[in-house]
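Tertiary structure, described
Residues per chain are reported as follows:
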Amino acid sequence: MSKSKIFVAGHNGMVGSALVRFLQNENIELITKNRQELDLLDQSNVQNFFKNHKIDQVYLAAAKVGGIHANNSYPADFIYQNLMVQTNVIHSAFVNGVKKLLFLGSSCIYPKNANQPMKEDELLAGKLEPTNEPYAIAKIAGIKMCESYNRQYGTSHGIDYRSIMPTNLYGPGDNYHPENSHVIPGLIYKFHKAKINNLESVTIWGTGTPKREFLYVDDLAQAAIHVMNVDKKIYEEQITSESSHINVGSEQELTIKELAETIKEVIDFKGNINFDSSKPDGSTRKLLNSERINKLGFKPKTHLKEGLIKTYQDYLKFYANI
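Residues numbered from 1 in each chain as written. Predicted model: local features only at pLDDT ≥ 70, side-chain atom pairs only at ≥ 80, totals over all residues. Heavy atoms only, no water.

Remarks on unusual backbone geometry
Worth spelling out the cut-off: Helix numbering and strand numbering both begin at the N terminus, where a helix is a DSSP run of H or I of at least 4 residues and a strand a DSSP run of E of at least 2.
Geometrically, the link from Q116 to P117 is a cis peptide bond, its omega value of -15 degrees lying close to zero. With respect to the helices and strands, the residue P117 is situated in the loop between β4 (100-104) and α5 (133-157). One non-glycine residue, N198, lies in the positive phi region at around 55 degrees. Checked against the element boundaries, N198 lands in the loop between α6 (183-196) and β7 (201-205). Notably, E251 is not glycine yet its phi reads approximately 60 degrees, a positive angle. Along the chain, the position of E251 falls in the loop between β9 (246-248) and β10 (253-255).

Observations regarding the pattern of salt bridges
To keep it simple, the criterion reads: Salt bridge, as applied in this entry: a Lys or Arg side-chain nitrogen positioned within 4 Å of an Asp or Glu carboxyl oxygen.
Counted by the stated rule, this structure contains 12 salt bridges. Note that D268 is salt-bridged to K270, the shortest N-O span being 2.8 Å. In this structure, K310 and E306 form a salt bridge, with 3.4 Å as the shortest nitrogen-oxygen distance. Of the two residues, K310 and E306 are both situated in helix α11 (residues 304-318); the distance of four residues between them amounts to about one turn of the helix.

So this is what it looks like as structure tokens:
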């Protein structure tokens with residue numbers, strides 16, 4: 001019997017590389033392509049790829065991502081690139097007989113003033129956070145595309161396209177750009193540079209009061225593989241045809257101030273922390289309700305400080321001298 005062919009789109013990113021770390025231990029044929037080999041923005045390239053490789057499963061982890069500054073600065077890039085990549089991959093997968101696909105989204109899909117913790121049915125119940133609305137709309141479109149293909153073709157073509165929505169992610173392979181990164185890699189970069197340059201303080205955007213939830217990327221990769229392989233009947237007990245995505249959170253919540261203090265401790269920076277309240281905070285709270293995935297038999301294992309230590313070790317090994 002031939003091995004299942006599994007394509008990880010976006011395998012060089014933080015999420016994709018974590019998926020590859022776990023999938024390469026499975027009895028499968030793992031397929032990856034870098035941007036030079038396969039431009040996911042190019043519809044004909046993507047169509048030809050799926051036509052030439054008889055793929056069985058797709059993990060769609062490719063995306064343009066960034067923090068508040070990046071989302072504010074490049075809104076057109078965020079909505080265009082994410083819409084194009086996911087549309088090309090999902091449709092070409094369907095046309096070429098891919099039966100199983102997992103789309104990875106983001107917790108920013110939920111309304112700015114969503115009830116907390118955010119359940120899956122909060123989707124489209126209110127206005128989005130303006131700073132990342134273009135990215136969020138693209139991710140919502142990806143969820144609805146998977147749902148729509150299931151509704152129209154699930155029975156006739158035997159497809160099963162699923163979506164998971166992780167909370168804020170961090171871990172090895174993150175983007176440590178000083179301006180365009182997410183909060184954890186951005187803080188690791190700032191505190192490390194302050195430490196080696198013997199600075200007296202580090203200044204952080206916002207008031208430090210917003211609360212956030214963070215998930216170590218290896219836990220997400222294991223959650224993704226778990227959700228992909230859950231029996232369809234069990235999966236469908238937790239969803240509806242028009243609310244089929246699954247939240248993946250750590251259920252560990254803390255303020256940005258507490259996060260900064262923890263990263264300061266991990267990096268062993270001796271100076272002070274200042275907050276610039278003239279800069280935006282983003283949402284005041286973003287906690288996911290993870291009951292659905294818990295009922296599907298998955299809970300993450302990595303505590304925040306443990307994950308931060310591993311992440312900083314990765315930063316020192318690969319990025320500190322860049």
